[in-house]
Protein chains: 2
Amino acid sequence: MNQLKGACIIGQSGGPTSVINASALGAIEAALDSGSITKVYGAANGIKGVLDDKLYIMDEESREELKHLRFTPSSALGSCRYKLKDPDADDADYKRILEIFRKYDVRYFFYNGGNDSMDTCNKISKYMLKNGYECRVMGIPKTIDNDLFGTDHCPGYGSAAKYIATSCMEIYLDARVYDTGQITILEIMGRHAGWLTAAAALAGDYAPDLIYLPEVAFDMEQFLDDVEQVYQKNGKVIVAVSEGIHDRHGMFINEYASAGADTVKDSFGHAQLGGLAAYLAGLCRHKTGAKVRGIEFSLLQRCASHAASQTDIDESYAAGRAAVENAVSGITDKMVGFKCVRDGGYKCEIALLPLETVANTEKKVPREWINEAGNGILQPFADYALPLIAGETKQEKVNGLPRFAKLKKVLAK
Amino acid sequence: MNQLKGACIIGQSGGPTSVINASALGAIEAALDSGSITKVYGAANGIKGVLDDKLYIMDEESREELKHLRFTPSSALGSCRYKLKDPDADDADYKRILEIFRKYDVRYFFYNGGNDSMDTCNKISKYMLKNGYECRVMGIPKTIDNDLFGTDHCPGYGSAAKYIATSCMEIYLDARVYDTGQITILEIMGRHAGWLTAAAALAGDYAPDLIYLPEVAFDMEQFLDDVEQVYQKNGKVIVAVSEGIHDRHGMFINEYASAGADTVKDSFGHAQLGGLAAYLAGLCRHKTGAKVRGIEFSLLQRCASHAASQTDIDESYAAGRAAVENAVSGITDKMVGFKCVRDGGYKCEIALLPLETVANTEKKVPREWINEAGNGILQPFADYALPLIAGETKQEKVNGLPRFAKLKKVLAK
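Residues numbered from 1 in each chain as written. Chains lettered and ligands numbered in written order. Predicted model: local features only at pLDDT ≥ 70, side-chain atom pairs only at ≥ 80, totals over all residues. Heavy atoms only, no water.

Draft legend 1. Expanded view of the side chain of B:D312. Residue and element names in this part refer to chain B. For D312, the position within the fold is in helix α12 (residues 310–328). Although D312 lies buried, it forms no salt bridge, and the closest oppositely charged side chain, K162, sits 9.8 Å away as judged by the N-O distance. Residues within four places of D312 in sequence aside, it is in contact with V19, C154, P155, G156, Y157, G158, S159 and L388. (Helix = DSSP H or I, 4+ residues; strand = E, 2+ residues; numbered from the N terminus. Buried < 20%, exposed > 50% of the residue type's maximum accessible area, 1.4 Å probe, protein only. Lys, Arg positive; Asp, Glu negative; His and termini not counted. Salt bridge = Lys/Arg side-chain N within 4 Å of Asp/Glu carboxyl O. Contact = heavy atoms within 4.5 Å.)

This is the structure in structure tokens:
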């Protein structure tokens, strides 16, 4: 065994999830328990905390208080959407990271995030290797979008999917209480991959009538015809659409909605989306004359820890632990992923995937899991996703409300 | 004891709640168990089901299946927003109701709803008395708005308040993950009374920075100053507003938002509200230049049974049972309410209130529970509301999702 002694940094990046802190806890606990890791730092706001020399000392936190991280949503250490430049073009950030790693004798770097974060991991790892600084780098997956390549699924997805399916069931009943016509449009997150929107189908008997994912080009005429057909037949229509639906030319439908308004992009150049549900609801009212309602699940779908999947919580924790334990045993340059079997009962095992292949590749919902018309989801998706939403969270409650972790966040000097 | 033998009708009215079916179950079980009640009917879509001779036979349902009503949201029998005319002006509906009551030998009428439903109860009761038809009429309260006069609180409020407070806590953490400025506007239901919006304050350390109820006239200049002040200080602002905030002239702020757009009113003449969060978020961006986000809790706040308060579920059930048991014992013309003590532990008892005084009176949040500036909620509100959100729902789950009641709904002929 190739023992490497030194400190570690754990960072969180990208959009938060209900269970991102369960992964952090897995990593922190494994690091605190490790004989090789001399000090455990948490980066404030991900890689920005490294660049700004803003590191929290996890060894200073109470082990009891840390345990509440398992049920606390939304990046407890803070997050960022900072994209490192290509080191060949501009290596200033990398020089700074190496400087901080040297300052604190950091020999382990654990980064918890989505595609962009795996790209960050990969670039840092390569830079350290090139400059002869021994450091083991491991990615821990996190994304409600479930779009990371190579892993069966992503920590965070199961909880978001459970929230979406549960809310769809509740809205189904709500939308049926009056004997008057009604069309309800549900807008669900997911720019390029429809995993989250597909989760609406898990509601089974209570699922939306029509479901549109970004995997299939959206045709407005067809959509309005679909809605009208269900409306004429049942008087009630519930539609789930991904925020990222786009036409055959790749234009987001939402961009038609906000045409003329300011277009805001985030620092990765992704267009910021929203307001689609209201836009489509208006078109449906115009087409059918029905009463309409647009509902955005908005932030709740990524932070509703009160409805998290215990399977997701446990797996997220395990992913964090595995990253540290594998790094300590000599492994580097990998993302922790999951390899699962579903025949004869669900089993999930840790798999280690090369960062290189994970970074910047998006995994989409297979076309054959979507019906031919592109407005419904087929059984293989449910077979895939149902095990991921199993189990109720054991989140502690005080006075009927969640008890979240309260960290001291002592800064390293 | 004045024994009255005959059938009963149970009806649900107004907007659904997470626990309205718990009250229905309490009433149905008590009626099925009663020696005086010969047959138990559920009115399809409230009073409309009586007028249309569309009654479900509850005796035909499995007692085991009925038990799932306790955890099934959104009026299982269907609801309506039908307003009976003044009988002195037009008694056609009342004649029809009497005809149906005679047809099925209905001697007990239980109606579960809000202010308008208590008005319906009151008018029906008076008409039956005037026409010499012996029938006992009891109202069972139901409203997430918590605005019924005379009762400590209303079934449905605790669960909605718990969902709102929990979601506020989760959004608080979500809104803080990046180290960049952000203003988040949360739009919460409540036309004239701010009970639901006040529930945001129950989030305690994670509560919104600013909370605006309809009990205080809304001043746009003051609001934007309030937001800017918190923004300058913290870089993050979370604001909760009631959909019903209005200026000193009584004009809904939302009407400014939708000026020029269609104005839709429901059959009681209430203006239909929505879109306020996005409107205020836009104004905040204009004022501060900050990144903003508007979130509507929308239908979820009234149907999120997965996050219901077990206290609310138990009390709702008890209210339904009490309505039937009291009617069977000879009482009529009352609404079941709650009388509570909070000193030395929370205790809740059934109280019977005259329908006359309950109907069409709205109970508002006391001004002294709101801070002087009109942008925050004081401790007496938390003391009042916290006991109502206590306890986690015992809702059964199958495959990680709620198991709702599936009724046969056999129609009477």
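Let us keep going from here.
Draft legend 2. How the structure looks around the packing of aromatic side chains. Residues and elements named next belong to chain A. Applying the stated criterion across every chain, the model contains 38 aromatic pairs over all chains. With 5.3 Å between their ring centres and 35° between their planes, Y94 and Y127 make a pair best called tilted. Residue Y94 is found in helix α4 (residues 92–103), and its partner Y127 is found in helix α5 (residues 115–130); the two are separated by 33 residues along the sequence. The exposure class of Y127 is buried, given its relative accessible area of 8%. (Phe/Tyr/Trp six-rings, centres within 6.5 Å; stacked < 30°, edge-to-face > 60°.)

Draft legend 3. Structural context of the sheet that holds strand β1 (residues 6–12) of chain A. Residue and element names in this part refer to chain A. As summarised here, the arrangement of the seven strands in space is β3-β2-β1-β4-β5-β10-β11, forming an open sheet in which the pairing is mixed. Across the chains shown, the open sheet's two edge strands, defined by having one partner strand only, are β3 (55–57) and β11 (347–354). Shown here is a sheet whose adjacent strand axes are inclined to one another by a mean of 30°, direction ignored. Of the pairings in the sheet, the one linking strand β4 (residues 106–113) to strand β5 (residues 136–141) comprises six bridges and is parallel in character. For G113, the partnering residue across the bridge sits in β5 and is P141. (Pairing = 2+ DSSP bridges. Axes fitted to C-alpha atoms, helices over the stretch in contact; angles between N-to-C directions.)

Draft legend 4. Seen up close, empty space enclosed by the protein. Under the counting rule described, the total for this entry stands at one cavity of 30 Å³ or more. One number sums up the size of the largest cavity: a volume of about 70 Å³. What lines the largest cavity is A:Y163, A:I295, A:E296, A:F297, A:S298, A:L300, B:Y163, B:I295, B:E296, B:F297 and B:L300. Every element with two or more residues in the lining of the largest cavity is listed here: β9 (292–296) of chain A together with β9 (292–296) of chain B. (1 Å grid on protein atoms, 1.4 Å probe; cavity = no way out; pocket = protein on both sides within 12 Å on 5 of 7 lines; lining within 4 Å. Points joined across faces, edges and corners; volume = space filled by probe spheres on them.)

Draft legend 5. A look at the pattern of salt bridges. All names here are of chain A. Here the structure, examined in full by the defined rule, presents 48 salt bridges over all chains. Notably, a salt bridge pairs K85 with D90, separated by 3.9 Å at the nearest N-O pair. When its relative accessible area of 46% is taken as the criterion, K85 is described as partly exposed. Where D105 meets R107, a salt bridge forms, and the shortest distance between an N and an O atom there is 3.2 Å. Members of the salt-bridge network, linked through shared partners, are D33, R63, R321 and E325.

Draft legend 6. Highlighting the pairing of strand β5 (residues 136–141) of chain B. All names here are of chain B. Across the six residues of β5, six count as buried, placing the element largely inside the fold. Judged by which residues are buried, β5 turns out to be covered on both faces: R136, M138 and I140 on one side and V137, G139 and P141 on the other are all buried. Judged from the two bridges that link them, β5 and strand β10 (residues 334–341) form a sheet pairing that is parallel. By the bridge assignment for β10, M138 is matched with K334.

Draft legend 7. Geometry of the side chain of B:Q310. Residue and element names in this part refer to chain B. Structurally, the position occupied by Q310 is in helix α12. Engagement of the side chain of Q310 in a polar contact is seen with the side chain of D314, the distance being 2.9 Å. Beyond its immediate stretch of four places on either side in the chain, Q310 contacts F71, A390, G391, E392, T393 and K394. (Polar contact = N/O pair within 3.5 Å; in protein donor to acceptor, adjacent residues only side chain to side chain.)

Draft legend 8. Structural view of α4(A). Residues and elements named next belong to chain A. Over its 12 residues, α4 extends 17 Å from the first C-alpha to the last, a length consistent with the 16 Å expected when each residue adds 1.5 Å. Listing the buried residues of α4 in full gives D93, Y94, I97, L98, I100 and F101. Each buried residue of α4 lies within a common arc of 160° when the element is viewed along its axis, so the set occupies one face. What points out from α4, more than 90 degrees from its buried face, is the exposed set K95 and R102. (Expected span 1.5 Å × (residues − 1). Arc of directions from axis to C-beta.)

Draft legend 9. Broad picture of α12(B). Residue and element names in this part refer to chain B. Taking 1.5 Å per residue as the helical rise, α12 with its 19 residues ought to reach 27 Å, and the 27 Å between its terminal C-alpha atoms agrees with that figure. Most of α12 sits out of view: 15 of its 19 residues are buried. The backbone nitrogen of T311 lies 3.2 Å from a side-chain oxygen of the residue at the head of α12, namely S309.

Draft legend 10. Highlighting the interface of chain A and chain B. The partner chain B presents 57 residues to the 57 residues of chain A that form the contact. Summing the contributions of chain A and of chain B, the shared interface buries around 4700 Å²; its carbon and sulfur component is 56%. In this assembly, chain A and chain B are joined by eight salt bridges. Connecting chain A to chain B are 28 residue pairs in polar contact (both at pLDDT 80 or more). Counting residues per element, the ones that place at least two in the side of chain A that touches chain B are α6 (157–174), β9, α11 (300–303) and β13 (401–402) of chain A. (Buried area = accessible area lost by both parts, 1.4 Å probe.)

Draft legend 11. Local environment of the relation of the copies chain A and chain B. Expressed as a screw operation, the relation of chain A to chain B combines 0.0 Å of axial shift with a rotation of 180°, fitting to an RMSD of 0.0 Å. Put plainly, the chains are arranged around a two-fold axis. Looking at the interface residues of chain A, 98% of them are also at the interface in chain B, so both copies use one shared face. (Least-squares fit on C-alpha atoms with pLDDT ≥ 70 in both.)

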